[in-house]
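# Summary of the model geometry
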Amino acid sequence: MSPELVTALRAETPAAPSLLRDRIAAITAASPPPRRFTTRRALAFAVPAVAGLSLAVALAVGLNTAIDPGPSRTAAPSAPDAREGITKSLGPAVAEGQPVTTLRAPVRDASAPAPTRGRAQDYRASLTLLVGGTEELSDTTQKALRIARRLGGYVVSVGYSTPEPAEGTAEVRLRIPVSRVQAAIVQFNGLGRILAQDTQIADLQQGLDDLTRRIRALERRAARAHGVEREQLLSQIAALRQQRAQITRRAAFATVALNLTTHEPKAPAAAPGRLHRALDDAVGILLAELAIAAYALIVASPLIVLLAAAFFGSRAYRHHADQRLLERA
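What comes next is a walk through the structure.

Calculation criteria
- Residues numbered from 1 in each chain as written.
- Predicted model: local features only at pLDDT ≥ 70, side-chain atom pairs only at ≥ 80, totals over all residues.
- Heavy atoms only, no water.
- Core = buried A, V, L, I, M, F, W, Y, C linked by side-chain atoms within 4.5 Å.
- Buried < 20%, exposed > 50% of the residue type's maximum accessible area, 1.4 Å probe, protein only.
- Helix = DSSP H or I, 4+ residues; strand = E, 2+ residues; numbered from the N terminus.
- Pairing = 2+ DSSP bridges.
- Axes fitted to C-alpha atoms, helices over the stretch in contact; angles between N-to-C directions.
- Parallel < 35°, antiparallel > 145°, perpendicular 65-115°, else oblique.
- Left-handed = near helix turned anticlockwise from the far one by under 90°.
- Contact = heavy atoms within 4.5 Å.
- Nonpolar A, V, L, I, M, F, W, Y, C, P; charged D, E, K, R; others polar.
- Patch = residues over 30% accessible without salt bridge, like charges linked within 9 Å, V, L, I, M, F, W, Y side chains within 5 Å.
- Areas by Shrake-Rupley, 256 points an atom, 1.4 Å probe, with all protein chains shown as cover.
- Salt bridge = Lys/Arg side-chain N within 4 Å of Asp/Glu carboxyl O.
- Lys, Arg positive; Asp, Glu negative; His and termini not counted.
- Charge placed at Lys NZ, Arg CZ, Asp CG, Glu CD.
- Expected span 1.5 Å × (residues − 1).
- Polar contact = N/O pair within 3.5 Å; in protein donor to acceptor, adjacent residues only side chain to side chain.
- Arc of directions from axis to C-beta.

As a further point, take the nonpolar core. Ranked by size, the top nonpolar core spans 28 residues in total, and within it Y123, L174, I185, F188 and L258 carry the most contacts. Listing elements by their share of this core, those giving two or more residues are β3 (121–130), α4 (134–150), β5 (167–177), α5 (181–189), β6 (193–203) and β7 (253–261). Per-element tally for this core: the top contributor is α4, with five residues. Counting 13 residues, the second-largest nonpolar core is a separate cluster that includes L208, L211, I215 and A222.

Let's shift gears to the pairing of β5. Judged from the eight bridges that link them, strand β4 (residues 154–164) and β5 form a sheet pairing that is antiparallel. What sits directly across from E164, in β5, is E167. Sheet topology note: the β5/β7 ladder contains nine bridges and is antiparallel. Note that in β7 the partner of L174 across the bridge is V256.

Moving on, we get to the packing of helix α6 (residues 205–224) against helix α7 (residues 227–252). Where α6 meets α7, the axes come as close as 9 Å, and the angle between the chain directions of the two elements is 160°. When the axes of α6 and α7 are compared, the pair comes out roughly antiparallel. Crossing handedness for the pair α6 and α7: left-handed. Contacts between α6 and α7 involve L208, L211, T212, R214, I215, L218, E219, R221, A222 and A223 on the former and, on the latter, E229, R230, L233, L234, Q236, I237, L240, R241, Q243, R244, I247 and T248. Residues of the contact of α6 with α7, tallied by class, amount to 11 nonpolar, four polar and seven charged.

Attention now goes to a positive patch on the surface. Side chains of R216, R220, R221 and R224 sit close together on the surface and give a patch of like positive charge. In this fold, R220 is placed in helix α6.

Further remarks concern the environment of L130. The residue L130 is located in strand β3 in this model. Spatially, the C-alpha atoms of L130 and I194 are 6.5 Å apart, while their sequence positions differ by 64 residues.

So, on to the sheet that holds β4. Pairing in this open sheet of five strands is mixed, and the strands run β4-β5-β7-β3-β6 from one edge to the other. Only two strands of the sheet have a single partner each, and these edge strands are β4 and β6. Pairwise comparison of adjacent strand axes, ignoring direction, gives a mean angle of 10° for this sheet. Where α4 meets the sheet, its contacts fall on β4, β5 and β7, and the angle it forms with β5 comes to roughly 5°.

Under the counting rule described, the total for this entry stands at five salt bridges. A salt bridge links R124 to D122, with the nearest nitrogen and oxygen atoms 3.1 Å apart. Residue D122 is classed as buried on the basis of its relative accessible area of 6%. Three or more residues are tied together by salt bridges with common partners; here these are D122, R124 and R250.

Here we take up α7. Its 26 residues give α7 an end-to-end C-alpha distance of 38 Å, which sits within 8% of 38 Å, the value for a rise of 1.5 Å per residue. Among the residues of α7, those classed as buried are L233, I237, L240, I247 and A251. Taken together, the buried residues of α7 touch β3, α6 and β7.

It is worth spelling out the side chain of D122 at this point. Along the chain, D122 turns up in strand β3. Looking at D122, its side chain comes within polar contact range of the side chain of R250, at 2.7 Å. Not counting residues within four places of it along the chain, the set of residues in contact with D122 comprises Q200, I201, A202, L204 and R250.

Moving on, we come to α6. With 20 residues, α6 extends 29 Å between its outermost C-alpha atoms, agreeing within 8% with the 28 Å of an ideal straight helix rising 1.5 Å per residue. Along α6, the residues classified as buried are Q205, L208, L211, T212, I215, L218 and A222. Seen along its axis, α6 keeps its buried residues to an arc of 150°; they face one direction. Looking at α6, the residues exposed on the side facing more than 90 degrees away from the buried face are R213, R216 and R224. Where α6 is buried, its residues contact β6 and α7.

As structure tokens, then:
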């Protein structure tokens, strides 16, 4: 552009009307309008605040776990291992059907609690032994059957399974005279490595005594009765005697469940450390918060859609109105 043209344009610059100058002066003199708290600004502040609060809660829970694990974080006692001990449940002189107490015995003790002499008891023992292989499993099963017969017992059932060439199990159910059950358990425990041993004893003597008293009372009544009444009493006496005989036979033999296996028990997993538990808890809290947020979003989604439609519809309407106003001007 030539200097002459620039000079001419500056000389011919039109002056602004006085009304326009007054409006500009009024606008610049007025204080700026206050900043409005829009939805965009609210979301820009709320989203980082909620995320930071959630992360802070998760970290607080994790640090609390690492500092003070609490009684609920202590390692739970695992099942008795073959190298740790044998579980023996004893319940002498308790009524039938009542719970029995539990004691722990060292694995070197292969004996079993003795039944109480002179009392009828339901004696049940369970043994789990580890054997070397399927050939030894078969031989051990045969030895157990011979031991039971030699001690005056008999076999109730035998279950033998070898799903794989080198693995197998055998479940033997035996009835052994109560007077020889201790000797039987000692001999059974010598057939393999002890994995578990459990003995339960429930008293039956009280039930037998009650039946005996009822039978004697009915016998005295039957001695004085005649006719139909006497026949009914004798029938009741016969039923009670049969019931007493069944309990007596039950108390004469102990039930022994011998379980043989070739499966080596797995070592218990080590308890997780404090740092691992803290991370697990923190991640668990975050996942729970995300799940709650997702649920809330799903529940509120219809309302969010309506609000979004109203917002964008309002903006579109204002834009259209402004466009029409400009076109008129």
